[in-house]
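The residues making up each chain are set out below.
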Amino acid sequence: MPDAVLRYGDKELTLPVHTGTHGDAAIDISKLRAELGLVTLDSGLGNTAEGEGSISFIDGEAGLLSYRGYPIEQLAEHASFLEVAYLLQYGELPTPTELEAYEESVRRHTLIREDMKHLFEAFPHNAHPMQILASAVSALATYYPDALNPLDEEAVDISARRLIAKTPTMVAWSYKYRVSQPYIYPDNTHDYASNFLKMMFSVPAEEYTPDPVVAKALNLLLVLHADHGQNCSSSAVRLVGSSHSNIFSSVAAGIHALAGPLHGGANQAVLEMLEDLHQNGTSVETAVKRAKDKNDPFRLMGFGHRVYKNFDPRARILKKQADEVLDALGIDDPLLDLARELEEVALNDDYFVERKLYPNVDFYSGIIYRAIGFPADMFTVLFAIGRLPGWISQFRELLADPATRIFRPRQLYVGPATRDYVPLDQR
Ligand code: CMC
């Protein structure tokens, strides 16, 4: 790949161009400020590659996603969530022995410290589950001070296993507290998804057998959410990790970033939008019209993506899965019909076609979560459980890279020019 040349005034700077395995080539601008006194202005960082990475790859134009080179469709069909968690972190699919050992070591950590119960009980009953989750993940650092050094790979590895193992327990227990039901302890005879379902939906007074159709669907949802390049929350994890903060603090930052309605919070927002349209009898044509009106803040939640300019491949898989789960559970959800209708109208509307706005992963996931029985404000927490291996892998990749420096972007200052302080009595 030839170098790029930048001419500025009477100076010329040669900028090396790096190519990766697939995707856009990258101009290395690391000498730009030193040589030309310039910085780059890139709102939303849409043209900025923060570094090199090898965890997941997105081809937004073609609508493709892969983890460590494996297409998402193949992983969705064949892999368990813990298999994908292993793949993302260690770079290769595990052998049967490696997978068994990994599953066993995650299982060993599913319990949380008994006194953590008090943490959940300190929150108001109507606290948003994402706020509780971020606090609980942050709190984990206080229980495991011996394994916080981000530069000690062994410590990071054990913390990563603890995070993946304990998060479903923390999520389920915060839910049990909210609905005033007894906490259900993990049952390590189950697989990851079934164990979580049991902690969420069983009560000690009754037998509970996780429904295999539901467990399979939940496993699939977790696999589909496991990593997604340099999205907002993964960038937050990397940014915090770049200061050598511990993995729990860094992942807690990711959870806060994910909570926003433009990112993971969109899955809750989609369902609320569909419920609202259904309850008010608003036609999909009216919703689409409102979404196009620049004077109306309403957007079609679950549509559009910074990177995908085509169908989000995860949405394609979930659309099919939503049919299967609802059929298997015998649920006839009018919101699914509404979602299909909305998709149809939007995909044929010039505004959406011209802007390449397609349904994203959040468009259909909420319908499945709802069919399983999760309340809408827990949807983003489910996204967070799924994204854990991605955040952890991004953190590990960053800290293992000798080229990593603390993130410290610049800004084009457009505030007041330097001026003298005016004493209070003269203002
Ligand atoms: N409804 C109506 N118009 C939209 C929508 C939408 N959902 N999304 C984008 N647009 C319009 C936007 O108004 C703009 O129009 P114009 O060029 O006339 O000003 C154009 O499309 C480009 O949008 P943008 O906001 O500049 O694009 P972005 O890359 O900054 O934002 C996004 C991407 C995902 C934040 C945005 O599409 C959005 O707000 N979507 C709804 C929220 C959502 O579903 N988020 C989940 C994302 S997928 C899961 C995840 O990774 O978190």
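Higher on the page you've got the structure.
As the structure is a prediction and not an experimental result, all values here were calculated from the model.

About the cut-offs
- Residues numbered from 1 in each chain as written.
- Predicted model: local features only at pLDDT ≥ 70, side-chain atom pairs only at ≥ 80, totals over all residues.
- Heavy atoms only, no water.
- Helix = DSSP H or I, 4+ residues; strand = E, 2+ residues; numbered from the N terminus.
- Rg over C-alpha atoms; globule rule 2.2 N^0.38 Å.
- Buried < 20%, exposed > 50% of the residue type's maximum accessible area, 1.4 Å probe, protein only.
- Contact = heavy atoms within 4.5 Å.
- Areas by Shrake-Rupley, 256 points an atom, 1.4 Å probe, with all protein chains shown as cover.
- Lys, Arg positive; Asp, Glu negative; His and termini not counted.
- Charge placed at Lys NZ, Arg CZ, Asp CG, Glu CD.
- Axes fitted to C-alpha atoms, helices over the stretch in contact; angles between N-to-C directions.
- Parallel < 35°, antiparallel > 145°, perpendicular 65-115°, else oblique.
- Left-handed = near helix turned anticlockwise from the far one by under 90°.
- Nonpolar A, V, L, I, M, F, W, Y, C, P; charged D, E, K, R; others polar.
- Expected span 1.5 Å × (residues − 1).
- Bend = angle between axes of the 7 residues up to and from the residue.
- Phe/Tyr/Trp six-rings, centres within 6.5 Å; stacked < 30°, edge-to-face > 60°.
- Lys NZ or Arg CZ within 6 Å of the ring centre and 35° of its normal.
- Near = heavy atom within 4 Å.
- Polar contact = N/O pair within 3.5 Å; in protein donor to acceptor, adjacent residues only side chain to side chain.
- Core = buried A, V, L, I, M, F, W, Y, C linked by side-chain atoms within 4.5 Å.
- Pairing = 2+ DSSP bridges.

1. Looking at the overall build of the protein chain
Here's step 1: When you go through the protein chain residue by residue, the secondary structure sums to 18 helices and seven strands.
Here's step 2: Rg of the C-alpha trace for the protein chain: 23 Å, near the compact-globule value of 22 Å for 427 residues, within the 12% margin.
Here's step 3: Considered along the principal axes of its C-alpha atoms, the protein chain spans approximately 80 × 65 × 55 Å.
Here's step 4: Across the 427 residues that make up the protein chain, the buried fraction comes to 48%.
Here's step 5: Sequence-distant contacts, at least 24 apart, represent 70% of the contacts inside the protein chain between residues at least 6 apart.
Here's step 6: As displayed, the protein chain has an accessible area near 22,000 Å², and 51% of this comes from carbon and sulfur atoms.
Here's step 7: Taking the average place of the 39 positive charges on the side chains of the protein chain and the average place of its 58 negative ones, the gap between the two points comes to 6 Å.

2. Side note on the packing of helix H14 (residues 313-329) against helix H15 (residues 334-347)
Here's step 1: At a minimum axis separation of 12 Å, H14 and H15 run at an interaxial angle of 160°. Comparing the axis directions of H14 and H15 gives the class roughly antiparallel. Helix-helix and strand crossings are classified by hand; for H14 and H15 the assignment is left-handed. Residue-level inspection shows Lys-319, Ala-322, Asp-323 and Leu-326 of H14 in contact with H15, the latter providing Leu-336, Arg-340 and Glu-343.
Here's step 2: Within the contact of H14 with H15, the residues separate by chemical class into three nonpolar, no polar and four charged.

3. Topic: helix H18 (residues 379-400)
Here's step 1: Look at H18: 32 Å from first C-alpha to last across 22 residues, which is about the 32 Å you get at 1.5 Å a residue.
Here's step 2: Residue Arg-387 marks the point of greatest curvature in H18, where the axis turns by about 45°; the proline Pro-389 follows within four residues.
Here's step 3: The element H18 is largely enclosed, with a buried count of 21 among its 22 residues.

4. Structural notes on the packing of aromatic side chains
Here's step 1: Under the counting rule described, the total for this entry stands at 15 aromatic pairs.
Here's step 2: Ring centres 5.2 Å apart and planes at 45° place the aromatic pair Phe-81 and Tyr-192 in the tilted group. Here Phe-81 is found in helix H3 (residues 81-90), whereas its partner Tyr-192 is found in helix H8 (residues 192-201), with 111 residues between them in sequence. Across the pair, exposure class does not vary: Phe-81 and Tyr-192 are buried alike.
Here's step 3: Here the guanidinium or amino end of Arg-355 rests over the ring plane of Tyr-351, the centre of that ring lying 3.8 Å away.

5. Quick look at the site of the ligand
Here's step 1: As a structural note, the neighbourhood of the ligand is formed by 21 residues, with His-263, Arg-299, Leu-300, Gly-302 and Arg-306 the closest of them.
Here's step 2: Leu-300 is positioned with one of its backbone polar atoms (N or O) 2.7 Å from a nitrogen atom of the ligand.
Here's step 3: One of the side-chain N or O atoms of Tyr-351 is found 3.0 Å from a nitrogen atom in the ligand.
Here's step 4: Tallied by class, the residues present in the shell around the ligand amount to ten nonpolar, six polar and five charged.

6. Section: the nonpolar core
A general tendency of soluble globular proteins is for nonpolar side chains to be buried together.
Here's step 1: Core analysis: the largest hydrophobic core is formed by 117 residues, its most contacted members being Leu-300, Leu-342 and Phe-374.
Here's step 2: If near-sequence neighbours (up to four positions away) are discounted, Leu-342 is found in contact with Met-273, Leu-274, Leu-277, Val-284, Ala-287, Val-288, Leu-300, Phe-303 and Phe-363.
Here's step 3: Counting six residues, the second largest nonpolar core, distinct from the first, contains Ala-4, Leu-13, Leu-15 and Leu-32.

7. Some points on the packing of helix H13 (residues 284-292) against H15
Here's step 1: Here H13 crosses H15 at 55°, and the two axes come no closer than 9 Å. Between H13 and H15, the interaxial angle falls into the category oblique. Crossing handedness for the pair H13 and H15: right-handed. Residues Val-284, Glu-285, Ala-287 and Val-288 of H13 lie in contact with H15, whose contacting residues are Leu-338, Glu-341, Leu-342, Val-345 and Ala-346.
Here's step 2: The class makeup of the residues in the contact of H13 with H15 is seven nonpolar, no polar and two charged.

8. Some points on unusual backbone geometry
Here's step 1: Although it is not a glycine, Leu-45 sits at a positive phi angle of roughly 55°.
Here's step 2: If you trace the backbone, Leu-45 turns up in the loop between helix H1 (32-36) and strand S5 (56-59).
Here's step 3: Classification of Leu-45 by relative accessible area gives exposed; the value is 58%.
Here's step 4: Even without being a glycine, His-244 presents a positive backbone phi close to 65°.
Here's step 5: Topologically, His-244 is positioned in the loop between helix H10 (232-241) and helix H11 (247-258).
Here's step 6: Relative accessible area serves as the criterion here: at 43%, His-244 is assigned to the partly exposed category.

9. A few points about the sheet that holds S5
Here's step 1: Here we have three strands laid out as an open sheet, ordered S5-S6-S7, and antiparallel in their pairing. Of all strands in the sheet, those bounded by a partner on one side alone are S5 and strand S7 (70-71).
Here's step 2: Of the strand pairs in this sheet, S5 and strand S6 (residues 64-67) are connected by four bridges, and their pairing is antiparallel. In the strand pairing of S6, Ile-58 is matched with Leu-65.

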